[in-house]
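This is what each chain is made of:
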Amino acid sequence: MEKTDVELLFEQIDNTTENIQQYKNETYLDSLAITLEMIFDQQLPETTEPELKEKLQRDIGQLEVSAYGTTEIRKAVQLAMLKGMKGATQQQHLMTPETVALFVGYLADKVTAGQKNIRIFDPASGTANLLTAVLGQLENAGTVSASEVDPTLIKLAVLNANLQQQEIEFFHQDSLRPFLLDPVDLVVSDLPVGYYPDDIRANDFELKADEGLSYSHHLFIEQSMNYTAPGGYLIFVIPEFLFDSDQSDKLHAYLQENAHIVGVLQLPETAFKSEKNRKSILILQKQGPETEAVKQPLLVQVPSFKDTKAMDDILAQMNAWFAENMNQ
Ligand code: SAM
């Protein structure tokens, strides 16, 4: 069978990355960052050792990235990142799966329909796979911002965005610290799940735990709301147990007061590695003087992405819901 463009590009990126990895004794992800930088700059880093230089010069000569479309580039880079993450990365640093990212993109397009120059922010951007997948589905994106604390991931994210020619402003920081950022119209984020270690910083949030460490996923929701304009939307990939935890009463009360719950979509188990990692999507609208709660929130159990018939039915139901509830 003939190879697809994505496979061809992935193989080239992968070969080069392996060459660098062997020679430099770096991790695959760090070597991948060197590869992507090299492809983007179309030249080798100045410090490259002569022996490696020769090999890489050949690689780079063959790698004509401009011949590929944005989606192909995103997918090929994604495959390489996934290879590098296998076994090496902590669970909560995992890249958002492709199917989930595309689903979030669909929802982002629906909630922002008719708007222009949509300002977008992802405060836990990781590799920027989710964010760039969403951008690929939005016609009206305006300024785009992202934040990530992990140095390797943000490096990969910047290169990923550059190669896709997506203009994104990146903040390399703890996203629970303040930003120099005007409120946005849309937040999309696959939230990190767990405890937030900085108890002093957590004190600034309504959703801090009454006792002990706070949940970072709760603080991330509040922080995202802080940087959303009234009437703006937030689409989060959340752990399925978000509303059943020991601290969920507080979260409920906070959301009741500050947001409208637009929808909750339970994602299929098959989209994740294990039942424990199962996620849902939460759609919120930040309350504002002109906002109103939807009559009936969108509650969906998403079928397996492989079941195309069931998926078509659900999409038709969702399209109907959006047409009825969001004046489209
Ligand atoms: N959507 C991303 C992607 O497609 O690659 C994956 C997001 S991952 C589930 C959550 C991310 O949050 C991780 O990359 C992790 O490093 C980041 N993170 C965790 N705590 C953070 C913090 N306090 N500030 C900024 N980023 C944080």
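Visitor: What exactly am I supposed to notice about the sheet that holds strand β3 (residues 169-172) here?
Guide: The strands making up a sheet associate through hydrogen bonds between their backbones, and the pairing can be parallel or antiparallel. One open sheet holds the eight strands; their spatial order is β3-β2-β1-β4-β7-β9-β8-β10, and the pairing between them is mixed. Edge positions in the sheet fall to β3 and β10 (298-301), since each has one partner strand and no second. The average undirected angle you get between the axes of adjacent strands in this sheet is 15 degrees. Direction of pairing for strand β7 (residues 228-239) relative to strand β9 (residues 279-286): antiparallel, over a ladder of seven bridges. Across the sheet, the residue bridging to Ile235 is Ile283, located in β9. Sheet strands touched by helix α10 (residues 248-258): β8 (259-266) and β9. Its angle to β8, the strand with the most contacts, is close to 125 degrees. Relative to β10, helix α11 (residues 308-325) is tilted by about 175 degrees, and along the sheet it contacts β8 and β10.

Visitor: Any chance you could explain the pairing of strand β4 (residues 184-190) here in plain terms?
Guide: One face of the sheet, then the other: side chains in a regular strand alternate in exactly this way. Extensive coverage of β4 is indicated by the burial of seven of its seven residues. With two bridges connecting them, strand β1 (residues 118-122) and β4 associate as parallel partners. If you follow Ile120 over to β4, its bridge partner there is Leu186. In this structure, β4 lies alongside β7, joined through six bridges in parallel fashion. What sits directly across from Val188, in β7, is Ile235.

Visitor: In this structure, what is going on with the site of the ligand? I would like to understand it.
Guide: In the vicinity of the ligand lie 21 residues, with Thr96, Thr127, Glu148, Asp174 and Ser175 positioned nearest. A distance of 2.6 Å separates an oxygen atom of the ligand from a polar atom in the side chain of Thr127. Between Glu148 and the ligand, the recorded distance is 2.6 Å, taken from a side-chain N or O atom to an oxygen atom. The residue inventory of the shell around the ligand, partitioned by class, reads eight nonpolar, nine polar and four charged.

Visitor: How should the nonpolar core be read in this particular structure?
Guide: It is characteristic of soluble globular proteins that their nonpolar side chains tend to be buried jointly. Counting 47 residues, the largest nonpolar core has Phe103, Leu186, Ile235 and Leu265 as its most contacted members. No other element matches the eight residues that helix α5 (residues 98-111) contributes to this core. Apart from the residues within four sequence positions on either side, Leu186 is in contact with Ala108, Val111, Thr112, Ile118, Arg119, Ile120, Phe121, Leu138, Tyr233 and Ile235. The next biggest cluster of nonpolar side chains, apart from the first, holds 28 residues, and it includes Phe179, Val184, Val187 and Leu284.

Visitor: Please explain the pattern of salt bridges as it appears in this structure.
Guide: Close approach of charged atoms allows side chains of opposite charge to pair. Enumeration over the complete set of coordinates arrives at twelve salt bridges. Between Lys3 and Glu11 there is a salt bridge, and its shortest N-O distance comes to 3.1 Å. Note on Glu11: relative accessible area 33%, which makes it partly exposed. Between Lys24 and Glu49 there is a salt bridge, with its nearest N and O atoms 3.6 Å apart. On the criterion of sequence distance, the pair formed by Lys24 in helix α1 (residues 5-24) and Glu49 in the loop between α2 (28-41) and α3 (50-62) is long-range, its members being 25 residues apart. Classification of Glu49 by relative accessible area gives partly exposed; the value is 28%. Bridged by salt links that share partners, the residues Asp14, Glu18 and Lys83 form one connected network.

Rules used throughout
- Residues numbered from 1 in each chain as written.
- Predicted model: local features only at pLDDT ≥ 70, side-chain atom pairs only at ≥ 80, totals over all residues.
- Heavy atoms only, no water.
- Pairing = 2+ DSSP bridges.
- Helix = DSSP H or I, 4+ residues; strand = E, 2+ residues; numbered from the N terminus.
- Axes fitted to C-alpha atoms, helices over the stretch in contact; angles between N-to-C directions.
- Contact = heavy atoms within 4.5 Å.
- Buried < 20%, exposed > 50% of the residue type's maximum accessible area, 1.4 Å probe, protein only.
- Near = heavy atom within 4 Å.
- Polar contact = N/O pair within 3.5 Å; in protein donor to acceptor, adjacent residues only side chain to side chain.
- Nonpolar A, V, L, I, M, F, W, Y, C, P; charged D, E, K, R; others polar.
- Core = buried A, V, L, I, M, F, W, Y, C linked by side-chain atoms within 4.5 Å.
- Salt bridge = Lys/Arg side-chain N within 4 Å of Asp/Glu carboxyl O.

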